[in-house]
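Here's the letter readout for the chains.
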Amino acid sequence: MRKPIIAGNWKMNKTTAEGVALAKELSALVSDAKDVDIVVCPVFTILASVKEALTGTNIKLGAQNIHWEAKGAFTGEISPAMLKDVGAEYTLIGHSERRQYFGETDEGVNKRTKAALANGIVPIVCVGESLEEREAGITEKVVGGQVVAGLDGLTGEQVAGLVIAYEPVWAIGTGRTASSDDANAVCTFIRKTVAEKFGADSAAKVRIQYGGSVKADNIAELMAKSDIDGALVGGAALDAAGFSKIVKF
Ligand SMILES: O=C(CO)COP(=O)(O)O
């Protein structure tokens, strides 16, 4: 069975003191959570402080992005080794906000994914269609294309160990969750795409999260679905009590 994974994407929120307080409050609330991987992804500037606050807890640290180069003249970027150095075990890659506002492409997602894997950081590769694309009936074409291009050149074993987050853009921060059936249908399609490209074993092992207005009151229904193995949570991850309820779905 695939181990559930609940990740909090803090996005561009929290100063050091606020992030450390949230990490401490959350770790007290979820210390008894079992059989679930818990990850929080703060902004780069507070990774070290949050890591310290999480030491000895059952919560892992993730970053929100990663660059593919090891070092050099890449102003404003953070390398895989730097994230490893600060204690990050996971990283988001290709979040729709990065794609929408910062011009990230599938090619970049692929480079970042390979660099993360080469440095022992687990990629959480984000995919998802816009409202326009859903209404045009091309959800599978868009999401399938993102999965195939994002994971191109990886081994089946590498794919088995990573996480794919399906986040329909129209459900992010809008309060509009995809129905659990609609969310699961796309997650099933993603798993089928992985099976075709990397084999049945990788497809059976890869963990697929749903993201988009996940809250304490809709997580149980989502997690009950056959191909949803976890959640990538935005707004509701900024509140320790609410996020702890999601973790303990
Ligand atoms: O983008 C998301 C997580 O990466 C989802 O955000 P919300 O949970 O705020 O809709």
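Under an unreviewed UniProt entry, the name given to the protein is Triosephosphate isomerase, and the source organism is Propionispora hippei DSM 15287. If you open the UniProt record of the protein and go to Subunit (unreviewed entry), you find "Homodimer."

Draft legend 1. A look at the overall build of the protein. Scanning the protein from N- to C-terminus turns up 12 helices and eight strands. The C-alpha radius of gyration computed for the protein amounts to 17 Å, which stays within 12% of the reference 18 Å derived for 249 residues, consistent with globular compactness. Oriented by its inertia axes, the alpha-carbon framework of the protein measures out at about 45 × 45 × 35 Å. The proportion of buried residues among the 249 residues of the protein is 44%. Looking at the protein alone, contacts between residues at least 24 apart form 72% of all its contacts between residues at least 6 apart.

Draft legend 2. Here's a closer look at the site of the ligand. Taken together, 14 residues form the shell around the ligand, and within it N9, I172, S213, G234 and G235 come nearest. A per-class count over the shell around the ligand returns five nonpolar, eight polar and one charged.

Draft legend 3. Spotlight on the sheet that holds strand β7 (residues 207-211). Taken in spatial order, the eight strands line up as β1-β2-β3-β4-β5-β6-β7-β8 and close into a barrel, and their pairing is parallel. Put simply, the sheet's adjacent strands are angled 25 degrees from each other on average, direction ignored. Pairing between β7 and strand β8 (residues 230-233): three bridges, direction parallel. For G211, the partnering residue across the bridge sits in β8 and is L232.

Draft legend 4. Representation of the pairing of strand β2 (residues 37-41) in the model. For β2, the buried fraction is high: five of the five residues fall into the buried class. Residues D37, V39 and C41 line one face of β2 and the alternating positions I38 and V40 line the opposite face, and both faces are buried. In the sheet, strand β1 (residues 5-9) pairs with β2 via five bridges, with the strands oriented parallel. Note that in β2 the partner of I6 across the bridge is I38. Remark: the β1/helix α1 (residues 16-30)/β2 crossover connection has right-handed handedness. Bridge count for β2 against strand β3 (residues 59-63) is three bridges, and the pairing is parallel. What sits directly across from V39, in β3, is K60.

Draft legend 5. Here's a closer look at α1. When the terminal C-alpha atoms of α1 are compared, their 21 Å separation across 15 residues agrees well with the 21 Å that a helix rising 1.5 Å per residue should span. All of the buried residues along α1 are G19, L22, A23, L26, S27 and V30. Looking straight down α1, one finds that the buried residues subtend no more than 125 degrees of arc, so they occupy a single side. Away from its buried face by more than 90 degrees, α1 exposes A17 and A28. On the buried face of α1, the contacting elements are β2, α2 (47-54), β3 and α12 (240-247).

Draft legend 6. Molecular detail of the UniProt feature "binding site: substrate" (unreviewed entry) in the protein. The UniProt record marks N9, W10, K11, G173, S213, G234 and G235 with the feature "binding site: substrate" (unreviewed entry), using the residue numbering of this structure. Taken together, the annotated residues stretch across 227 residues yet fold into one region, lying no more than 13.8 Å apart by C-alpha. Tracing the backbone through its elements, the reader meets N9 in strand β1. In contact with N9, other than residues within four places in its own chain, are C41, Q64, L92, L232, V233, G234 and A237. Turning to its location among the elements, K11 is positioned in the loop between β1 and α1.

Draft legend 7. Highlighting the environment of G108. Looking at the element boundaries, G108 is found in helix α5 (residues 106-118). Take G108: there are 19 C-beta atoms within 10 Å of it, and that puts it in the partly exposed class.

What counts as what
- Residues numbered from 1 in each chain as written.
- Predicted model: local features only at pLDDT ≥ 70, side-chain atom pairs only at ≥ 80, totals over all residues.
- UniProt positions renumbered as here; feature names shortened; annotations may be inferred.
- Helix = DSSP H or I, 4+ residues; strand = E, 2+ residues; numbered from the N terminus.
- Rg over C-alpha atoms; globule rule 2.2 N^0.38 Å.
- Buried ≥ 20, exposed ≤ 12 C-beta atoms within 10 Å, placed from the backbone.
- Contact = placed C-beta atoms within 7 Å.
- Near = placed C-beta within 6 Å.
- Nonpolar A, V, L, I, M, F, W, Y, C, P; charged D, E, K, R; others polar.
- Pairing = 2+ DSSP bridges.
- Axes fitted to C-alpha atoms, helices over the stretch in contact; angles between N-to-C directions.
- Right-handed = clockwise from strand over helix to strand, strands pointing away.
- Expected span 1.5 Å × (residues − 1).
- Arc of directions from axis to C-beta.

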